[in-house]
Amino acid sequence: MFANLSDNAKGALLMMCSMAAFTFNDLCIKGIGTDIPLSQLLFLRGILASALIYLLARYLKALDWPALAKDRWLILLRSLAEVAAAYFFLTALLNMPFANVTAILQTLPLTVTLVAALIFKEAIGWRRMLAIVIGFGGMLLIVRPGTDGFTIHSVYVLIAVICVTVRDLAARRLSKDVPSLTVTLVGSLFVMSFAGCVSAMSGEWNTFNSVQTLMLLASVIFVIGGYVFSVMVMRIGEVGFTSPFRYTAMIWALVLGYLFFGEWPEPLTFVGAGLIVATGIFTLYREGWAKRRAALT
């Protein structure tokens, strides 16, 4: 049945699987809670994830350190951004409603477009710029600065968005012959090493119970699945068609947050999330339209 689908339909399905896998990974991390130090959690997950990514990369013959110095520096920058993003995002996730954190993270297409225009001088029209402004307005409806709901963890998730933006822009500038799994493996090793150092310096090391152990193993499986599906998406279908399906993560976050943590967003959060999703999809559509137009001229 999968073989009979068009490339775009396959890409959309794989994107939805990727978002589901990453969201279930977040669920497992949040489910373990604050009983286990975050550094210990990231270190143990990093060991298992790095080993599996390495074996997968070896199997697919996707281990190839780039020859160009530019690519090596970009991988370093991406990996450092990955470390910072993991720390700030997961810290916020453990202390904020599930759907709120996920919704704010969905501003990523907007921030990537904006930073690419400011730093790399990529052309964006007034329509996309207006969509970015509206999308950021939706984000402010979720974090609501100046209210009781605005905490340091709200700032953490915003920092995580900046870090993920740097990570994705660094990946975008890599040469096309650099294997995706090599880049993923280096990022995973950096997160693992950083978490291991922090854990060693703090001296905090708690024992997992059986449920937490199962959730950690599930987290590893889900994060690997998310990476694999996201790599497959890049090789199937048109980016402009498949990218909007990333917003299915919001549906998973709403359902899982309600079922497992009894969380249900406030009306303003729904409005903000709706604005982010709508403007994000519009931005992706206009970006694809601009690329098609440029290809014809």
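Since the structure is predicted, the reported quantities are computational estimates derived from the model, not experimental observations.

How each quantity is defined
- Residues numbered from 1 in each chain as written.
- Predicted model: local features only at pLDDT ≥ 70, side-chain atom pairs only at ≥ 80, totals over all residues.
- Heavy atoms only, no water.
- Helix = DSSP H or I, 4+ residues; strand = E, 2+ residues; numbered from the N terminus.
- Rg over C-alpha atoms; globule rule 2.2 N^0.38 Å.
- Buried < 20%, exposed > 50% of the residue type's maximum accessible area, 1.4 Å probe, protein only.
- Contact = heavy atoms within 4.5 Å.
- Patch = residues over 30% accessible without salt bridge, like charges linked within 9 Å, V, L, I, M, F, W, Y side chains within 5 Å.
- Areas by Shrake-Rupley, 256 points an atom, 1.4 Å probe, with all protein chains shown as cover.
- Salt bridge = Lys/Arg side-chain N within 4 Å of Asp/Glu carboxyl O.
- pLDDT = per-residue confidence, 0-100.

### Let's talk about the overall build of the protein chain
- The helix and strand tally for the protein chain stands at 12 helices and zero strands.
- Counting helices and strands in the order they occur from the N terminus, the protein chain gives α-α-α-α-α-α-α-α-α-α-α-α.
- Computed over its C-alpha atoms, the radius of gyration of the protein chain comes to 19 Å, within 12% of the 19 Å expected for a compact globule of 297 residues.
- Its C-alpha atoms give the protein chain principal-axis dimensions of roughly 60 × 50 × 45 Å.
- Taken over 297 residues, the protein chain has a buried fraction of 49%.
- Within the protein chain, residue pairs in contact and separated by at least 24 positions form 87% of the contacts whose partners lie at least 6 positions apart.

### Overview of a nonpolar patch on the surface
- On the surface, a nonpolar cluster with roughly 790 Å² of combined accessible area is contributed by Ile251, Val255, Tyr258, Leu259, Phe260, Trp264 and Phe270.
- Among the elements that line the nonpolar patch, the one with the most residues is helix H11 (residues 248-261), at five residues.
- One can find Ile251 in helix H11.

### Description of the confidence of the model for the protein chain
- For the protein chain, mean pLDDT is 86; residues scoring 70 or higher make up 95% of the total.
- Helix H10 (residues 239-242) is the least confidently modelled element of the protein chain, averaging 70 in pLDDT, while helix H3 (residues 69-95) averages 93, the highest of any element.

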